[in-house]
Amino acid sequence: LEFRRVLFRSCDFGTGEGQFLEIIRKPEYGASVFGVEPSAKNCERLRILNIPYFQGTAEGFGKGNEAQDNPVDIVTIMWTLENSGECRSLLSSAHQTLREGGHVVVATGSRILVPFKKPLHLYLSKNPADTHAFRFSANTLRGILAVCGFEVVHANRYLDSDILCMIAQKRE
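To start, this report covers the structure provided alongside it.

Criteria and cut-off values
Residues numbered from 1 in each chain as written. Predicted model: local features only at pLDDT ≥ 70, side-chain atom pairs only at ≥ 80, totals over all residues. Heavy atoms only, no water. Core = buried A, V, L, I, M, F, W, Y, C linked by side-chain atoms within 4.5 Å. Buried < 20%, exposed > 50% of the residue type's maximum accessible area, 1.4 Å probe, protein only. Contact = heavy atoms within 4.5 Å. Helix = DSSP H or I, 4+ residues; strand = E, 2+ residues; numbered from the N terminus. Pairing = 2+ DSSP bridges. Right-handed = clockwise from strand over helix to strand, strands pointing away. Phe/Tyr/Trp six-rings, centres within 6.5 Å; stacked < 30°, edge-to-face > 60°. Axes fitted to C-alpha atoms, helices over the stretch in contact; angles between N-to-C directions. Parallel < 35°, antiparallel > 145°, perpendicular 65-115°, else oblique. Left-handed = near helix turned anticlockwise from the far one by under 90°. Nonpolar A, V, L, I, M, F, W, Y, C, P; charged D, E, K, R; others polar.

### Describing the nonpolar core
- If you look at the biggest cluster of nonpolar residues, it comprises 29 residues, and the most contacted ones within it are Phe 13, Val 75, Ile 77, Leu 81, Val 104, Leu 141 and Leu 145.
- In this structure, Leu 145 is in contact with Leu 91, Val 104, Val 106, Phe 150, Val 152, Met 166 and Ala 168, ignoring residues within four places of it in sequence.
- Phe 8, Ile 24, Ala 31 and Val 33 belong to the second-largest nonpolar core, a separate cluster that totals 8 residues.

Spelled out as structure tokens, the structure:
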């Protein structure tokens with residue numbers, strides 16, 4: 001048996017195939033992990049990897065007792081918020097899943113109000129239209145986090161990156 005010290009409990013909304021959870025559960029990071037994933041195929045992979053999970057949406061998970069009965073220190077929402085059907089419900093589920101003072105980490109594309117980093121022809125093409133339900137600027141992401149009970153404590157330098165990442169703390 002391998003015994004390791006758990007430093008924090010983390011839940012990932014939109015876990016996918018579980019690569020992020022595989023990384024942070026390693027002893028050098030010390031996370032006890034849990035995934036929320038709607039895809040049955042991805043949940044089968046999580047089962048094989050021995051990663052505990054909830055098969056369904058984050059909104060569905062937040063309405064259940066498991067979220068409130070087992071609060072976590074960190075909820076990660078990486079490239080998921082912009083694909084959700086209802087971003088406020090997803091963030092409310094994160095709020096319900098966190099312990100008091102816990103943190104949510106939201107990572108999304110940084111494509112609004114920042115200079116293009118690639119040639120324009122890579123953005124304008126004959127590819128199908130973008131199907132992401134939401135796009136966030138730094139201000140709109142900060143605003144939706146505040147509406148859902150979070151205070152932003154850190155934001156990356158999104159002007160220099162294709163990624164907008166904010167860490168926010170749960171507040172009443």
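Structure shown, so let's carry the discussion forward.
### Structural notes on the pairing of strand 1 (residues 8-13)
- Within strand 1, 5 of the 6 residues are buried, which leaves it mostly tucked inside the rest of the structure.
- Sheet topology places strand 1 next to strand 2 (residues 31-37); 6 bridges connect them, and they run parallel. Its bridge partner lying in strand 2, Ser 10 is registered against Val 33.
- Remark: the strand 1/helix 1 (residues 19-24)/strand 2 crossover connection has right-handed handedness.

### Structural notes on the pairing of strand 7 (residues 163-170)
- Here strand 5 (residues 98-109) pairs with strand 7 via 7 bridges, running antiparallel. Counterpart to Val 106 in the pairing with strand 7 is Met 166.
- As defined by bridge partners, strand 6 (residues 150-155) adjoins strand 7 across 5 bridges and the pair is classed as antiparallel. Paired with His 154 across the strands is Ile 167, a residue of strand 7.

### Structural notes on the packing of aromatic side chains
- Enumeration according to the criterion identifies 3 aromatic pairs in this entry.
- For the pair Phe 13 and Phe 61, a centre-to-centre distance of 6.4 Å together with 80 degrees between the ring planes defines the contact as edge-to-face. Here Phe 13 is found in strand 1, whereas its partner Phe 61 is found in helix 3 (residues 58-63), with 48 residues between them in sequence.
- Linked through ring pairs, Phe 13, Phe 34, Phe 54 and Phe 61 together constitute an aromatic cluster.

### Observations concerning the packing of helix 5 (residues 87-97) against helix 6 (residues 138-147)
- The N-to-C vectors of helix 5 and helix 6 enclose an angle of 55 degrees; their axes lie 9 Å apart at closest approach. As far as their axial angle goes, helix 6 and helix 5 are oblique. As for how helix 5 packs across helix 6, the hand of that crossing is right-handed. Seen from helix 5, the contacting residues are Cys 87, Arg 88 and Leu 91; seen from helix 6, they are Ile 144, Leu 145 and Val 147.
- Grouping the amino acids of the contact of helix 5 with helix 6 by side-chain chemistry returns 5 nonpolar, no polar and 1 charged.

### Points about the sheet that holds strand 4 (residues 72-78)
- Taken in spatial order, the 7 strands line up as 3-2-1-4-5-7-6 in an open sheet, and their pairing is mixed. Two strands close off the open sheet at either side, each with one partner strand: strand 3 (53-55) and strand 6. This sheet shows a mean twist of 20 degrees between the axes of neighbouring strands, independent of strand direction.
- Seen against the sheet, helix 2 (residues 40-48) touches strand 2 and strand 3 and runs at an angle of roughly 160 degrees to strand 3.
- Helix 6 rests against strand 5, strand 6 and strand 7 of the sheet, and its axis sits at about 20 degrees to strand 7.

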